[in-house]
Every structure is written in structure tokens, then in C-alpha cells.
Amino acid sequence: MTKSFVKKGDKVLVVTGKDKGKIADVVEVSSKSGKVLVDGVNVVTKHQKPKSQQDKGGIIKKSAPIEASNVMVVCPVCGKATRVAHKELNGKNVRICKKCGATLDKEYVKEAKKEAKKATKATKAKKEDKGE
Ligand SMILES: [Zn+2]
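Small disclaimer: the values here were computed from a predicted structure and weren't measured.

Here we look at the coordination of the zinc ion
Then, in step 1: Here the zinc ion is held by the protein donor atoms Cys75 (SG), Cys78 (SG), Cys97 (SG) and Cys100 (SG), which lie 2.3 Å from it.
Then, in step 2: Within one chain, the residues serving as donors to the zinc ion are arranged as C-x2-C-x18-C-x2-C. Here the residue Cys75 occupies a position in the loop between strand E7 (71-74) and strand E8 (81-82), and Cys97 occupies one in strand E10 (residues 92-97), the gap between them amounting to 22 residues.
Then, in step 3: For Cys75, a relative accessible area of 1% translates into the label buried.
Then, in step 4: On the basis of relative accessible area, Cys97 is assigned to the buried category, the value being 1%.

Right, here's the structure in full:
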């Protein structure tokens, strides 16, 4: 079984098909079928039967899943569509952006950002100590 490189909540770039070039959020990933449901991508029209007397039914538009291989993850750090590498970090397998080396997993991105903020604060404090 291949491990999916795409996760729910990822931003992805559609690289093939009728929605090629679109960037949108992953709503759902099915590891069984290897397909991903991307918000507003591969919209299909469905005819719905009326459910009640008030509900007239009609035509509804819905996103349908596409092959995971049709998308590339957009790195939240560098903003580029990238291939995904895997790396072990703190005993966990995380996904890495091949373009900039940042981790693509949200919990780690958050942490990386926090660390960066801390570092900036520390530098600032140091500067203030010196009276700069
Ligand atoms: Zn990146």
C-alpha cells in the first residue's frame, strides 16, 4: 500500500485534467481509492430527486474525487507546488517540501512558525539590551 502524500487540509495544485492550474484545499483523502476530493475541483452536475413537497430537487453541483497523482502539494512555507519527501522528526514521519525543505505537516508548520517568532523576539530583545 502506498502512503498518501496528500492530507486533508492541504493546499494543492491541480496539474492535470480540466481544472489544471487550480489551487484549492483538500477536503477529503481516500487511501483506499487513492483519490482526493478537492474543493471546487472536478465539479460534476447531479440531478437530485425531490425529497419532499417543499424540496423541488433539481440540479446540484458537487466536487468529485480525482486521482491523487493529479495534484501536487503547495508548500505553505514557500508557496510553491512541490514533490513531497518524507523524513523522520521526533519519531514521527513528516512530509518535507522538496523545494525549500520545510515540513508540510500543519502541526509542525505551526511549531516552526512559533520557533521563528521566538527567535525574532530573542534577537529583538538582544538589540534592545544593547540600546540599539
Ligand atoms: Zn517549500
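Remarks on the side chain of Arg95
Then, in step 1: Tracing the chain through its elements places Arg95 in strand E10.
Then, in step 2: Among residues more than four places away in sequence, those in contact with Arg95 are Phe5, Val6, Lys7, Asp10, Val73, Val84, Ala85, His86, Ala102, Thr103, Leu104 and Asp105.

Some points on unusual backbone geometry
Then, in step 1: Here the phi dihedral of Asn42 falls at roughly 55 degrees; this positive angle occurs in a residue that is not glycine.
Then, in step 2: Structurally, Asn42 is set in the loop between strand E3 (35-38) and strand E4 (43-48).
Then, in step 3: At Asn90, a position not held by glycine, the phi torsion is positive, near 50 degrees.
Then, in step 4: Among the structural elements, Asn90 can be located in the loop between strand E9 (84-89) and E10.

What about the sheet that holds strand E2 (residues 23-30)?
Then, in step 1: An order of E6-E3-E2-E1-E7-E8 is seen for the six strands of this open sheet, with the pairing classed as antiparallel. The two strands at the open ends of the sheet, each matched to only one other strand, are strand E6 (66-67) and E8.

With respect to the pattern of salt bridges
Then, in step 1: In this structure the tally under the stated criterion is five salt bridges.
Then, in step 2: With a shortest N-O distance of 2.9 Å, Lys11 and Asp25 are connected by a salt bridge. Taken together, the positions of Lys11 in strand E1 (residues 11-14) and Asp25 in strand E2 put the pair 14 residues apart, joining distant regions of the chain.
Then, in step 3: You can call Lys11 partly exposed: its relative accessible area is 41%.
Then, in step 4: A residue is classified by how much of its surface remains accessible, and Asp25, at 32% relative accessible area, is partly exposed.

A closer look at the nonpolar core
Taken as a class, soluble globular proteins show a tendency for nonpolar side chains to be buried jointly.
Then, in step 1: Val6, Val12, Val36, Val38 and Val71 are the most contacted members of the largest nonpolar core, which totals 16 residues.
Then, in step 2: Listing elements by their share of this core, those giving two or more residues are E1, E2, E3 and E7.
Then, in step 3: Mapped onto the domain boundaries, this core takes at least three residues apiece from domain 1 (1-74) and domain 2 (83-132).
Then, in step 4: When residues no more than four places from it in sequence are discounted, the contact partners of Val38 are Val12, Ala24, Asp25, Val26, Val27, Ser63, Ile66 and Val71.

Focus on the domain arrangement of the chain
Then, in step 1: Each assigned domain of the chain is listed with its residue range as follows: domain 1 (1-74) and domain 2 (83-132).
Then, in step 2: On a C-alpha basis, the centroid separation for the pair domain 1 and domain 2 is 31 Å.
Then, in step 3: Applying the counting rule to domain 1 against domain 2 returns two salt bridges.
Then, in step 4: With a closest N to O distance of 3.0 Å, Lys7 and Asp105 form a salt bridge.
Then, in step 5: Linking domain 1 with domain 2 are three residue pairs in polar contact (both at pLDDT 80 or more), by the criterion used here.

Cut-offs and rules
- Residues numbered from 1 in each chain as written.
- Predicted model: local features only at pLDDT ≥ 70, side-chain atom pairs only at ≥ 80, totals over all residues.
- Heavy atoms only, no water.
- Donors = N, O, S within 2.8 Å, 3.2 Å for Na, K, Ca; no water.
- Helix = DSSP H or I, 4+ residues; strand = E, 2+ residues; numbered from the N terminus.
- Buried < 20%, exposed > 50% of the residue type's maximum accessible area, 1.4 Å probe, protein only.
- Contact = heavy atoms within 4.5 Å.
- Pairing = 2+ DSSP bridges.
- Salt bridge = Lys/Arg side-chain N within 4 Å of Asp/Glu carboxyl O.
- Core = buried A, V, L, I, M, F, W, Y, C linked by side-chain atoms within 4.5 Å.
- Domains from an automatic or database assignment.
- Polar contact = N/O pair within 3.5 Å; in protein donor to acceptor, adjacent residues only side chain to side chain.

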